[in-house]
Amino acid sequence: GAVVSQHPSRVICKSGTSVKIECRSLDFQATTMFWYRQFPKKSLMLMATSNEGSKATYEQGVEKDKFLINHASLTLSTLTVTSAHPEDSSFYICSFQRSYNEQFFGPGTRLTVL
Amino acid sequence: AQSVTQLDSQVPVFEEAPVELRCNYSSSVSVYLFWYVQYPNQGLQLLLKYLSGSTLVKGINGFEAEFNKSQTSFHLRKPSVHISDTAEYFCAVSPSGTDKLIFGTGTRLQVFP
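Residues numbered from 1 in each chain as written. Chains lettered and ligands numbered in written order. Predicted model: local features only at pLDDT ≥ 70, side-chain atom pairs only at ≥ 80, totals over all residues. Heavy atoms only, no water.

1. Things to note about the overall build of chain B
Move 1: Each helix and strand in chain B was counted, giving zero helices and twelve strands.
Move 2: Of the regular secondary structure in chain B, the N- to C-terminal order runs β-β-β-β-β-β-β-β-β-β-β-β.
Move 3: Relative to the compact-globule value of 13 Å for 113 residues, chain B shows a C-alpha radius of gyration of 13 Å, a close match.
Move 4: Each principal axis of the C-alpha atoms in chain B carries an extent, and together these give about 40 × 30 × 20 Å.
Move 5: Evaluated residue by residue, chain B yields a buried proportion of 44% over its 113 residues.
Move 6: Per element, the accessible surface of chain B, about 5,400 Å² overall, is 52% carbon and sulfur.
Move 7: The centroid of the 8 positive side-chain charges in chain B is displaced by 7 Å from the centroid of its 9 negative side-chain charges. (Helix = DSSP H or I, 4+ residues; strand = E, 2+ residues; numbered from the N terminus. Rg over C-alpha atoms; globule rule 2.2 N^0.38 Å. Buried < 20%, exposed > 50% of the residue type's maximum accessible area, 1.4 Å probe, protein only. Areas by Shrake-Rupley, 256 points an atom, 1.4 Å probe, with all protein chains shown as cover. Lys, Arg positive; Asp, Glu negative; His and termini not counted. Charge placed at Lys NZ, Arg CZ, Asp CG, Glu CD.)

Written as C-alpha coordinates, this is what we have:
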(Lines give C-alpha, C1' and ligand atoms only; values in the text may rest on other atoms or scores of the structure.)
Protein backbone atom coordinates (compact mmCIF):
# COMPACT_ATOMS: atom_id res chain seq x y z
CA GLY A 1 0.00 0.00 0.00
CA ALA A 2 0.88 3.65 -0.22
CA VAL A 3 3.08 5.29 2.41
CA VAL A 4 2.21 8.39 4.41
CA SER A 5 4.62 9.80 6.94
CA GLN A 6 4.07 12.15 9.85
CA HIS A 7 6.62 14.22 11.69
CA PRO A 8 7.21 14.40 14.55
CA SER A 9 5.89 11.15 15.98
CA ARG A 10 5.86 12.65 19.47
CA VAL A 11 6.02 16.22 20.68
CA ILE A 12 5.86 17.78 24.13
CA CYS A 13 5.37 21.50 24.41
CA LYS A 14 4.56 24.15 26.96
CA SER A 15 1.14 25.67 27.22
CA GLY A 16 0.81 28.72 25.00
CA THR A 17 3.27 27.64 22.36
CA SER A 18 2.45 26.54 18.81
CA VAL A 19 3.24 23.15 17.36
CA LYS A 20 3.45 22.17 13.69
CA ILE A 21 2.79 18.63 12.52
CA GLU A 22 3.84 17.63 9.04
CA CYS A 23 2.16 14.99 6.91
CA ARG A 24 3.69 13.71 3.67
CA SER A 25 2.49 11.31 1.01
CA LEU A 26 5.62 9.55 -0.17
CA ASP A 27 4.48 7.72 -3.28
CA PHE A 28 1.36 9.33 -4.68
CA GLN A 29 -0.14 12.76 -5.14
CA ALA A 30 -3.45 13.67 -3.60
CA THR A 31 -5.75 16.60 -3.98
CA THR A 32 -7.70 15.77 -0.83
CA MET A 33 -6.45 14.94 2.60
CA PHE A 34 -7.89 14.71 6.10
CA TRP A 35 -6.83 15.45 9.65
CA TYR A 36 -8.18 13.38 12.52
CA ARG A 37 -7.86 13.53 16.27
CA GLN A 38 -8.01 10.55 18.58
CA PHE A 39 -8.53 10.60 22.34
CA PRO A 40 -7.61 7.59 24.49
CA LYS A 41 -10.10 4.77 24.05
CA LYS A 42 -12.10 6.93 21.66
CA SER A 43 -12.64 6.79 17.95
CA LEU A 44 -10.84 8.90 15.39
CA MET A 45 -12.71 12.15 14.99
CA LEU A 46 -12.47 13.99 11.70
CA MET A 47 -11.24 17.53 12.28
CA ALA A 48 -11.04 18.89 8.76
CA THR A 49 -10.94 18.09 5.07
CA SER A 50 -8.35 19.86 3.00
CA ASN A 51 -8.06 20.27 -0.77
CA GLU A 52 -4.75 21.36 -2.20
CA GLY A 53 -4.71 25.06 -2.89
CA SER A 54 -7.99 25.70 -1.08
CA LYS A 55 -9.01 26.55 2.44
CA ALA A 56 -9.74 23.59 4.65
CA THR A 57 -13.28 22.66 5.61
CA TYR A 58 -13.56 22.17 9.35
CA GLU A 59 -15.99 19.92 11.15
CA GLN A 60 -18.46 21.39 13.58
CA GLY A 61 -16.83 22.24 16.87
CA VAL A 62 -13.28 22.42 15.52
CA GLU A 63 -11.74 25.88 15.85
CA LYS A 64 -10.20 26.84 12.54
CA ASP A 65 -8.12 29.58 14.13
CA LYS A 66 -6.60 27.14 16.60
CA PHE A 67 -5.93 24.31 14.16
CA LEU A 68 -4.35 25.85 11.08
CA ILE A 69 -4.09 23.60 8.06
CA ASN A 70 -1.81 24.33 5.14
CA HIS A 71 -2.14 21.99 2.17
CA ALA A 72 0.62 23.55 0.15
CA SER A 73 1.24 20.76 -2.35
CA LEU A 74 -0.18 17.45 -3.52
CA THR A 75 2.16 15.57 -1.17
CA LEU A 76 2.49 17.81 1.87
CA SER A 77 0.12 19.15 4.46
CA THR A 78 0.77 20.71 7.86
CA LEU A 79 -1.38 21.10 10.93
CA THR A 80 -0.38 23.85 13.34
CA VAL A 81 -1.87 23.83 16.81
CA THR A 82 -1.70 27.45 17.88
CA SER A 83 -1.44 28.56 21.49
CA ALA A 84 -1.67 24.98 22.64
CA HIS A 85 -3.31 24.13 25.95
CA PRO A 86 -3.37 20.85 27.90
CA GLU A 87 -6.81 20.01 26.51
CA ASP A 88 -5.24 19.94 23.03
CA SER A 89 -3.14 16.96 24.09
CA SER A 90 -4.15 14.14 21.80
CA PHE A 91 -3.13 11.84 18.99
CA TYR A 92 -3.32 13.54 15.60
CA ILE A 93 -3.56 11.46 12.44
CA CYS A 94 -3.53 12.55 8.81
CA SER A 95 -4.62 10.75 5.69
CA PHE A 96 -4.32 11.33 1.97
CA GLN A 97 -7.05 10.28 -0.42
CA ARG A 98 -5.71 8.48 -3.47
CA SER A 99 -9.10 7.82 -5.01
CA TYR A 100 -12.74 7.82 -3.99
CA ASN A 101 -13.14 5.96 -0.71
CA GLU A 102 -9.44 5.13 -0.58
CA GLN A 103 -7.50 6.87 2.17
CA PHE A 104 -3.97 6.17 3.30
CA PHE A 105 -3.10 7.09 6.86
CA GLY A 106 -0.03 8.40 8.58
CA PRO A 107 1.22 6.75 11.78
CA GLY A 108 0.08 9.64 13.94
CA THR A 109 1.62 12.29 16.16
CA ARG A 110 1.29 12.22 19.93
CA LEU A 111 1.00 15.78 21.25
CA THR A 112 1.41 16.46 24.96
CA VAL A 113 0.90 19.99 26.20
CA LEU A 114 2.23 20.68 29.67
CA ALA B 1 -26.14 11.43 11.56
CA GLN B 2 -24.11 8.28 11.41
CA SER B 3 -22.44 6.38 14.23
CA VAL B 4 -20.41 3.22 14.63
CA THR B 5 -20.39 0.95 17.65
CA GLN B 6 -17.69 -1.55 18.45
CA LEU B 7 -18.93 -3.11 21.65
CA ASP B 8 -15.77 -5.07 22.43
CA SER B 9 -12.86 -2.87 23.42
CA GLN B 10 -10.61 -5.91 23.82
CA VAL B 11 -10.78 -9.43 22.45
CA PRO B 12 -8.26 -11.96 23.78
CA VAL B 13 -7.91 -15.18 21.81
CA PHE B 14 -5.47 -18.04 21.49
CA GLU B 15 -3.48 -18.61 18.35
CA GLU B 16 -5.25 -20.65 15.65
CA ALA B 17 -8.65 -20.01 17.21
CA PRO B 18 -11.41 -18.27 15.23
CA VAL B 19 -12.31 -14.70 16.02
CA GLU B 20 -15.17 -12.32 15.36
CA LEU B 21 -14.94 -8.58 15.96
CA ARG B 22 -18.31 -6.94 16.09
CA CYS B 23 -19.38 -3.73 14.42
CA ASN B 24 -22.80 -2.15 14.30
CA TYR B 25 -23.71 1.13 12.71
CA SER B 26 -26.62 3.50 12.52
CA SER B 27 -27.37 5.69 9.57
CA SER B 28 -30.37 7.25 7.88
CA VAL B 29 -28.65 7.07 4.50
CA SER B 30 -26.84 4.33 2.66
CA VAL B 31 -23.24 3.88 3.67
CA TYR B 32 -20.06 2.21 2.63
CA LEU B 33 -18.36 0.07 5.28
CA PHE B 34 -14.72 -0.43 6.13
CA TRP B 35 -12.41 -2.30 8.47
CA TYR B 36 -8.96 -0.92 9.20
CA VAL B 37 -6.11 -2.42 11.20
CA GLN B 38 -3.51 -0.46 13.10
CA TYR B 39 -0.25 -2.08 14.13
CA PRO B 40 1.95 -0.35 16.73
CA ASN B 41 3.61 2.79 15.42
CA GLN B 42 2.00 2.42 12.01
CA GLY B 43 -0.84 4.12 10.19
CA LEU B 44 -4.24 2.54 9.71
CA GLN B 45 -4.28 -0.01 6.89
CA LEU B 46 -7.38 -1.01 4.99
CA LEU B 47 -8.38 -4.64 5.62
CA LEU B 48 -11.51 -4.70 3.51
CA LYS B 49 -14.46 -2.62 2.41
CA TYR B 50 -18.02 -3.06 1.29
CA LEU B 51 -19.31 -0.71 -1.38
CA SER B 52 -21.94 -2.81 -3.12
CA GLY B 53 -22.59 -6.30 -4.47
CA SER B 54 -21.92 -9.46 -2.51
CA THR B 55 -22.47 -8.98 1.19
CA LEU B 56 -19.54 -11.24 2.05
CA VAL B 57 -16.33 -9.34 1.58
CA LYS B 58 -12.89 -10.89 1.66
CA GLY B 59 -9.91 -8.85 2.67
CA ILE B 60 -6.22 -9.16 3.27
CA ASN B 61 -4.55 -11.50 5.75
CA GLY B 62 -7.41 -14.00 5.65
CA PHE B 63 -10.03 -11.67 7.11
CA GLU B 64 -13.58 -11.41 5.86
CA ALA B 65 -16.67 -9.48 6.86
CA GLU B 66 -20.36 -9.78 6.13
CA PHE B 67 -22.67 -6.86 5.59
CA ASN B 68 -26.06 -7.44 7.19
CA LYS B 69 -28.38 -4.61 6.31
CA SER B 70 -31.30 -5.75 8.46
CA GLN B 71 -29.08 -5.93 11.54
CA THR B 72 -26.96 -2.94 10.48
CA SER B 73 -23.86 -4.95 11.20
CA PHE B 74 -20.51 -5.53 9.53
CA HIS B 75 -18.71 -8.07 11.71
CA LEU B 76 -15.13 -9.03 10.96
CA ARG B 77 -14.08 -12.68 11.10
CA LYS B 78 -11.02 -14.83 10.71
CA PRO B 79 -11.16 -18.63 11.00
CA SER B 80 -7.68 -19.01 12.49
CA VAL B 81 -5.68 -16.14 13.96
CA HIS B 82 -1.94 -15.72 14.20
CA ILE B 83 0.19 -13.94 16.77
CA SER B 84 0.89 -11.33 14.09
CA ASP B 85 -2.81 -10.41 14.01
CA THR B 86 -2.41 -8.69 17.37
CA ALA B 87 -3.40 -5.10 16.65
CA GLU B 88 -6.13 -2.50 16.98
CA TYR B 89 -9.06 -2.91 14.58
CA PHE B 90 -11.35 -0.08 13.56
CA CYS B 91 -14.70 -0.29 11.86
CA ALA B 92 -15.77 2.76 9.85
CA VAL B 93 -18.63 3.96 7.70
CA SER B 94 -18.75 6.51 4.95
CA PRO B 95 -22.08 8.01 3.89
CA SER B 96 -22.56 7.35 0.21
CA GLY B 97 -21.54 10.31 -1.87
CA THR B 98 -19.08 11.67 0.68
CA ASP B 99 -15.41 11.06 1.38
CA LYS B 100 -15.80 11.25 5.15
CA LEU B 101 -15.04 8.31 7.39
CA ILE B 102 -16.79 7.85 10.73
CA PHE B 103 -14.92 5.49 13.00
CA GLY B 104 -15.82 3.23 15.87
CA THR B 105 -13.77 3.25 19.06
CA GLY B 106 -11.68 0.28 18.03
CA THR B 107 -11.18 -3.27 19.25
CA ARG B 108 -7.85 -4.46 20.56
CA LEU B 109 -7.25 -8.03 19.34
CA GLN B 110 -4.69 -9.79 21.49
CA VAL B 111 -3.56 -13.19 20.24
CA PHE B 112 -1.85 -15.45 22.77
CA PRO B 113 0.41 -18.43 21.98
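2. What to know about the sheet that holds strand β3 (residues 19-25) of chain A
Whenever strands of a sheet pair, they do so through backbone hydrogen bonds, lying parallel or antiparallel.
Residues and elements named next belong to chain A.
Move 1: Overall, antiparallel pairing links the four strands, which are arranged β1-β3-β8-β7 in an open sheet. Either end of the sheet is taken by a strand with one partner, and the two such strands are β1 (4-7) and β7 (67-73). Pairs of neighbouring strands in the sheet enclose a mean axial angle of 15°, with direction left out of account.
Move 2: The pairing of β7 with strand β8 (residues 76-81) spans five bridges and is antiparallel. Note on β8: the bridge partner recorded for N70 is T78. (Pairing = 2+ DSSP bridges. Axes fitted to C-alpha atoms, helices over the stretch in contact; angles between N-to-C directions.)

3. Re the nonpolar core
Move 1: Ranked by size, the top nonpolar core spans 28 residues in total, and within it B:L33, B:W35, B:L47, B:L48, B:F74, B:L76 and B:Y89 carry the most contacts.
Move 2: Elements with a contribution of two residues or more to this core: β2 (10-14), β3 (19-21), β5 (31-38), β6 (45-50), β8 (64-68), β9 (73-78), β10 (87-95) and β12 (107-112) of chain B.
Move 3: Excluding anything up to four places from it in sequence, B:L47 contacts B:W35, B:Y36, B:V37, B:G59, B:I60, B:N61, B:F63, B:L76 and B:Y89.
Move 4: Counting 25 residues, the second-largest nonpolar core is a separate cluster that includes A:A56, A:F67, A:Y92 and A:L111. (Core = buried A, V, L, I, M, F, W, Y, C linked by side-chain atoms within 4.5 Å. Contact = heavy atoms within 4.5 Å.)

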